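One-letter residues, chain by chain:
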Amino acid sequence: MKRFSNKSVIVTGAGRGIGLEIARTFAQNGANILMTGVNEENIKKSAETISSNYSVKAIGVKQDVSSEADCEKVVSIAEENFSHIDILVNNAGITRDNLVLRMKEKDFEDVIAVNLKGPFLMSKHVFRIMSKQRSGRIINISSVVGQSGQAGQANYASSKAGLIGLTKSLAKEFAKRNVNVNSVSPGFIETDMTASLDEKTKASILSQIPLKRMGKPYDVAAAVLFLAGEESSYITGQIIAVNGGIYI
Ligand code: NAP
């Protein structure tokens, strides 16, 4: 029996990067997974690979987390296939960086819609099921910049700070149904999102990280699995930083 055998998990934004690694790690530990992403071909291919590598059920679904209809659809597909939903990981996220004076209204709105409204919608629709089960875990992937602020990322940092407020509010509201809600707050992790940073910026970031390296997607996945497992059943409303010490 593996650690997450008989558990079913939804991971949003699981086509690549941190979300893909979270889905892979759950599957490696025996869980069935519903994975979502914008690029339909890619998310279906990623799910097929996970399913054949780990002999679990893995379903890839195209989704825009900022659409309530899409969120309802994803939760229904998970319910039909798994009959119960044990864990939701709100991982999908985007950046549209710019200095405030150059930031377009749409760039602000799009980032809030995906990074903050998306987790609200997914949590709302998944709670309908978790509330009946009287058990569940929701884990929101926030960011160090939601805690520290960041020049050039007013939209992104606001969305992630909002996600921390959402995490704490949901934790208080859902606790009576035995649903724990926590957040993992990564620092700088090696994915497509950080690959576009220029060498000078990367060197400057590295010089500020006490552990002297960028994080790997697995560093985040390991914290997510901890918050999804039995050993964390008395933890709710918390933010676990996985940031190499860049913000303490
Ligand atoms: P990434 O490599 O850019 O991947 C983002 C994923 O989100 C992709 O699978 C993408 O789908 C999906 N996605 C984007 N918009 C979506 C939408 N509207 N609906 C559903 N899915 C959507 O990002 P990452 O670096 O792995 O980041 C994952 C999470 O960690 C994000 O919330 C990010 O803010 C957070 N985070 C990352 C870092 C870091 O250093 N990388 C640091 C702190 C926090 P497609 O593959 O189909 O495009």
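Use the structure listed above.
J.: How should unusual backbone geometry be read in this particular structure?
T.: Excluding glycine, a negative phi dihedral is what most residues carry, and trans is how most peptide bonds are arranged. Positive phi, close to 50 degrees, is recorded for Ser55, a residue that is not glycine. Positionally, Ser55 belongs in the loop between α2 (40-54) and β3 (58-62). In this structure Ser55 comes out as exposed when scored by relative accessible area, which is 68%. Phi at Asn178 takes a positive value of approximately 60 degrees, unusual for a residue other than glycine. Its location among the elements puts Asn178 in the loop between α6 (154-174) and β6 (179-186). A relative accessible area of 45% means that Asn178 is categorised as partly exposed.

J.: I'm lost on the nonpolar core in this one. Help?
T.: One recurring pattern in soluble globular proteins: nonpolar side chains tend to sit buried together. Within the largest apolar cluster, 38 residues are counted, with the highest numbers of intra-cluster contacts made by Ile10, Leu34, Ile85, Met122, Val126 and Ile138. Every element with two or more residues in this core is listed here: β3, α3 (68-82), α4 (105-133), α5 (144-148), α6 and β6. Top element by residues in this core is α4. It accounts for eight residues. If we skip the residues at most four places from it in the chain, Ile10 touches Leu34, Val74, Ala78, Ile85, Ile87, Leu88, Val89, Met122 and Val126. In terms of nonpolar packing, the next biggest core, distinct from the first, is built from 32 residues, Val9, Val184, Ala223 and Val242 among them.

The rules behind these values
Residues numbered from 1 in each chain as written. Predicted model: local features only at pLDDT ≥ 70, side-chain atom pairs only at ≥ 80, totals over all residues. Heavy atoms only, no water. Helix = DSSP H or I, 4+ residues; strand = E, 2+ residues; numbered from the N terminus. Buried < 20%, exposed > 50% of the residue type's maximum accessible area, 1.4 Å probe, protein only. Core = buried A, V, L, I, M, F, W, Y, C linked by side-chain atoms within 4.5 Å. Contact = heavy atoms within 4.5 Å.

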